[in-house]
Number of protein chains: 2
Amino acid sequence: MSTIRDVAKEAGVSVATVSRIINGKGKVKKETEDIVKAAIEKLSYTPNKVAQGLSNQRSYSIGFVVPSMSNPMFPEIARGVEDVAQANGYQVFLCNTDGKREKLLGYLENFKSHYIDGIILNSHNVHHDDLEQLKQHNVPVVMVDRVLENSETTSIMVQNRKGGQMATQHLVDVGCQYIAHIGGLEGEYNATQRMWGYCDIVSGKPWFDQTWLGRGDFSVDTGYRVAKELFSRHPEVDGIFAGNDLIAIGVLKAAYEWGKKVPEELAIVGFDGIEMSGLTLPPLTTIEQPIYEMGTLAMTELLNHIEKKDVTVKRYELDVKLIREMRTKIDL
Amino acid sequence: MSTIRDVAKEAGVSVATVSRIINGKGKVKKETEDIVKAAIEKLSYTPNKVAQGLSNQRSYSIGFVVPSMSNPMFPEIARGVEDVAQANGYQVFLCNTDGKREKLLGYLENFKSHYIDGIILNSHNVHHDDLEQLKQHNVPVVMVDRVLENSETTSIMVQNRKGGQMATQHLVDVGCQYIAHIGGLEGEYNATQRMWGYCDIVSGKPWFDQTWLGRGDFSVDTGYRVAKELFSRHPEVDGIFAGNDLIAIGVLKAAYEWGKKVPEELAIVGFDGIEMSGLTLPPLTTIEQPIYEMGTLAMTELLNHIEKKDVTVKRYELDVKLIREMRTKIDL
DNA sequence: ATGAAAGCGCTAACAC
DNA sequence: GTGTTAGCGCTTTCAT
């Protein structure tokens, strides 16, 4: 690896001049610029990022923290983040916390000692204190698919409540009489909003009470387990709004084993629109979120903060869309 | 952020002493060590990784290059890599090439200027020249789930050919008469080995010829598309060995639409054992690879090379296992 | 317009 | 045992 000094020597100028040319800062005579560029070419020189980082107190890299990789949502968001990052000369550290707060803390610590320029967060283990600390260290943060209420942090969300309503209303529209919901964990904003959306539609119904509400984490296993409980508690159930697609897949599996025909005897609506939800038999009706775009938007916003182009705190609520109707009223 | 100098001042010693203590090198009196540790504690000091990197010409981070994130194999391998990395104080740069050589080259370039300590590669875009260059730069490389033939690089593979044989033999065992194979791309070692495994079993059969062989990339779409072609070309097909689970899922979908009952009329065997393959209806029979372990092993080997504990080039061929038989001979 | 030199935070040879 | 100091490769004031 050749260094800036080698280039300077080769071109017969000082390192300062070379540095100016690399960074396009300061004035340099066109003539010397050409000479230097030729030298750079000749030595196939690339600036050392680590040294640049030390000098600039920044790294041109950002951290993207996700709670898991087994939900395909995250790889897809990550693609969005990376595409924008790469186009702007940034590297992405993809960090998987496996849902453990200690891992999150480890990453956060690591970020500091790496001059990380910014962080995109999606972890329910984040506390207000963490964000406060990050703010103190001047590290911009954007949350994606997750918010911490009352925190001054830009967040990229979708219309979870409206999505929940749409899903549930769709079940009503296709003729379901008894509609249950299997949602995510108690404290999670997304999960709760979606549940409220469900409640908005069914709370007036005479049959409705708490026993139509199931909860668990956003996993296939939850869907499978809770659906079975539900089938034995309420054999009359004929529609389920699942809090996400993984749950919906679990429900589908449970229905199959229970001998309930989908969608004829049991209609299911998921949430997310992950690729896998279209590959089941039958393909799942679901509320599609703009997953990839959430990633690109998050990174774009983060860049705005890092480069101080726009440091206002925003809360996005992106549109969602019902896709792949399994069944229409006509089928009945 | 406090620096090593701050700690030195606080403890009334020199920076060298602090450095020694941080790195556990050289001799220090137990007494001064305690004082320094107290100072470190008090200032909540963490060594600056960037500065360490510049000084040591290394970064304690490694790159893991994957061709895609939509095959759940990779997130799972990545988990294995990360767990071992983290346990040993290394950071992992997860890099997705999206199957594009230019992206791969970009990452490789980036690695150099980041003092990356080692690289785990899985990209069919890697050429011999790339490995040669890396070797010249003294960057250890381990390939996972992929090899470059005649290259002196440690690689972690599974028994692809044997797996192919097992899959195909299983189809024979459960009574299939006409067994097709839908495999991966021409140049891919894995795909080819699995295909040969298939050929090992069927090449003697009177009905067998090239028309029972389909190819495409390792995706659901390939499985779906090629299976349909196959159904119209050979309506008598009653067993398909898919080159990987994604293809198998595509086949399943095609079979469903074509009205072929699985597994009664068409038996399917996949390859990989990704979680998704167990969630289909019916769950797919498949050749399970130790995915997570491939990750841990790759990282362990890479560490051996980085830390020069063991620099011999090895070629692992891990065992595979047939799981989730859909159907047994008895069913017939 | 260009160069000299200090400094980013840390490590390691060398001196005591 | 411990301290001094010269780098690691780059950026950036401050001169010129």
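Position numbers for residues count from 1 along each chain, tracking the sequence in the order it is written. Labels follow written order: the first chain is A, the first ligand is 1, and so on. Predicted model: local features are reported for residues with pLDDT of at least 70 only, side-chain atom pairs are reported and counted for 80 or more only, and whole-chain, interface and lining totals are derived from all residues. As a rule here, side-chain values cover all heavy atoms of the structure and leave hydrogens and water aside.

- Looking up chain A in an unreviewed UniProt entry gives the name LacI family DNA-binding transcriptional regulator, with the organism given as Oceanobacillus aidingensis.

What to know about the interface of chain A and chain B
Logical step 1: Contacts between residues were defined by any pair of non-hydrogen atoms, one from each residue, lying within 4.5 Å. With 42 residues of chain A in contact, the opposing surface of chain B contributes 42 residues.
Logical step 2: Roughly 4100 Å² is buried in total at the junction of chain A and chain B, and carbon and sulfur atoms are behind 62% of that figure.
Logical step 3: Once two parts are joined, some of their accessible surface, as seen by a 1.4 Å probe, is lost; buried area is that loss totalled over both. Contact with chain B buries area across many residues of chain A, yet V50(A), Q91(A) and L281(A) alone supply 16% of it, more than any other trio.
Logical step 4: Between Lys or Arg on one side and Asp or Glu on the other, a salt bridge is scored when a side-chain nitrogen of the former is within 4 Å of a carboxyl oxygen of the latter. The tally of links from chain A across to chain B stands at two salt bridges.
Logical step 5: The partner of K103(A) in a salt bridge is D83(B), and the shortest N-O contact between them spans 3.3 Å.
Logical step 6: Any N or O atom pair separated by 3.5 Å or less is treated as a polar contact, with the protein-specific requirement of one donor-capable and one acceptor-capable atom, and with residues adjacent in sequence counted only for side-chain atom pairs. For the pair chain A and chain B, the interface holds ten residue pairs in polar contact (both at pLDDT 80 or more).
Logical step 7: Numbering of helices and strands starts at the N terminus; helices are DSSP runs of H or I of at least 4 residues and strands are runs of E of at least 2. Among the elements of the structure, α4 (49-56), α5 (73-87), β2 (91-96), α6 (101-112) and α11 (245-258) of chain A are those that each provide at least two residues to the side of chain A that touches chain B.

Examining the pattern of salt bridges
Logical step 1: A complete count under the given rule lists 40 salt bridges over all chains for this structure.
Logical step 2: Across the pair R101(A) and D130(A) runs a salt bridge, and its minimum N-O distance is 2.9 Å. Of the two residues, R101(A) sits in helix α6 while D130(A) sits in helix α7 (residues 128-136), which places them 29 residues apart along the sequence.
Logical step 3: Relative accessible area decides the class of each residue, using a 1.4 Å probe on protein chains only: under 20% of the type maximum gives buried, over 50% gives exposed, and in between gives partly exposed. You can call R101(A) partly exposed: its relative accessible area is 25%.
Logical step 4: Because the salt bridges share partners, they merge into one network encompassing D83(A), D98(B) and K103(B).

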